[in-house]
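Take a look at the letters that make up each chain.
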Amino acid sequence: MSDKIDELVKQSESYDQDHRFMAANDLCSELLKPGNNFDNKSVERIIQVFLRMLDDSTADIKGWWDFNAGILSWWIGNAIKCLAKVVNKIPESLVGEVCKKLITSITNAQKKEEISNIDIYATCLKTLINEIPENHAEIMCKTLANSGEQFSRIKREDSNNM
């Protein structure tokens, strides 16, 4: 089983966007298969693939939005879809780590690529909140509550810059 995961993780780093897309789908399918019991390290590796894909250069993998003729269009990318599907299959502690990573990516964006992906991270966080199973809700709430100061800081900085 580990060899298959290793191969899919390797494919997720391919230069070919189709290989990256399919590797994410296959990793997602592996996590969702009944009877598959992955150790926490393997699950964490798979989740790291999905999180890395939020920064992918390909819109189908990470998602995209467009504002054209006064209409906002949004396409949820494969990475967000995969995370949403597996959120109820991952350990509670990892759910908290994923949320922290997304919040940090939103609040600490500095580079142009990071700033342009804030909507991707926020959509992913919103999607996870909507999909979170009840048994993981407490860790999600604690993580969001502890991150409130980061969001408040951004709002204060934004209002000071106006």
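Quick summary incoming for the structure in this document. Since the model is a prediction, treat every value here as computed from it, not as a measurement.

### Some words on the overall build of the protein chain
The secondary structure content of the protein chain amounts to 10 helices and 2 strands. Counting from the amino terminus, the protein chain carries its helices and strands in the arrangement α-α-α-α-β-β-α-α-α-α-α-α. Sorting the 162 residues of the protein chain into buried and exposed places 39% on the buried side. Residue pairs at least 24 apart in sequence account for 64% of intrachain contacts in the protein chain once pairs closer than 6 positions are excluded. Entry remark: accessible area of the protein chain is about 9700 Å², with carbon and sulfur atoms responsible for 51%.

### Let's talk about helix H8 (residues 118-131)
The end-to-end C-alpha distance of H8, which contains 14 residues, comes to 20 Å, matching closely the 20 Å that a straight helix rising 1.5 Å per residue would cover. Of the residues making up H8, those classed as buried are Ile120, Tyr121, Thr123, Cys124, Leu125, Thr127 and Leu128.

### Observations concerning helix H1 (residues 2-11)
Those residues of H1 that sit buried are Ile5, Leu8 and Val9. All buried residues of H1 fall inside an arc of 100° around its axis, so they share one side. Structural note: H1 exposes Asp3 and Lys10 on the side pointing more than 90 degrees away from its buried face.

### Thoughts on the environment of Gly63
Tracing the backbone through its elements, the reader meets Gly63 in strand E1 (residues 63-68). We classify Gly63 as buried; its relative accessible area is 2%. For the pair Gly63 and Tyr121, spaced 58 residues apart in sequence, the C-alpha to C-alpha distance is 9.9 Å.

### Concerning the pattern of salt bridges
Within the structure shown, the criterion is met by 7 salt bridges. For Arg45, the salt bridge is made with Asp6, and the minimal N-O distance between the two is 2.5 Å. One end of the pair, Arg45, is in helix H3 (residues 40-53); the other, Asp6, is in helix H1, with 39 residues separating them in the sequence. Taking the relative accessible area as the measure of exposure, Arg45 reaches 31% and is therefore partly exposed. Under the relative-accessibility criterion, Asp6 is labelled partly exposed at 31%. Taken together, the salt bridges that share partners define one network made up of Lys4, Glu30 and Lys33.

The rules behind each value
- Residues numbered from 1 in each chain as written.
- Predicted model: local features only at pLDDT ≥ 70, side-chain atom pairs only at ≥ 80, totals over all residues.
- Heavy atoms only, no water.
- Helix = DSSP H or I, 4+ residues; strand = E, 2+ residues; numbered from the N terminus.
- Buried < 20%, exposed > 50% of the residue type's maximum accessible area, 1.4 Å probe, protein only.
- Contact = heavy atoms within 4.5 Å.
- Areas by Shrake-Rupley, 256 points an atom, 1.4 Å probe, with all protein chains shown as cover.
- Expected span 1.5 Å × (residues − 1).
- Arc of directions from axis to C-beta.
- Salt bridge = Lys/Arg side-chain N within 4 Å of Asp/Glu carboxyl O.

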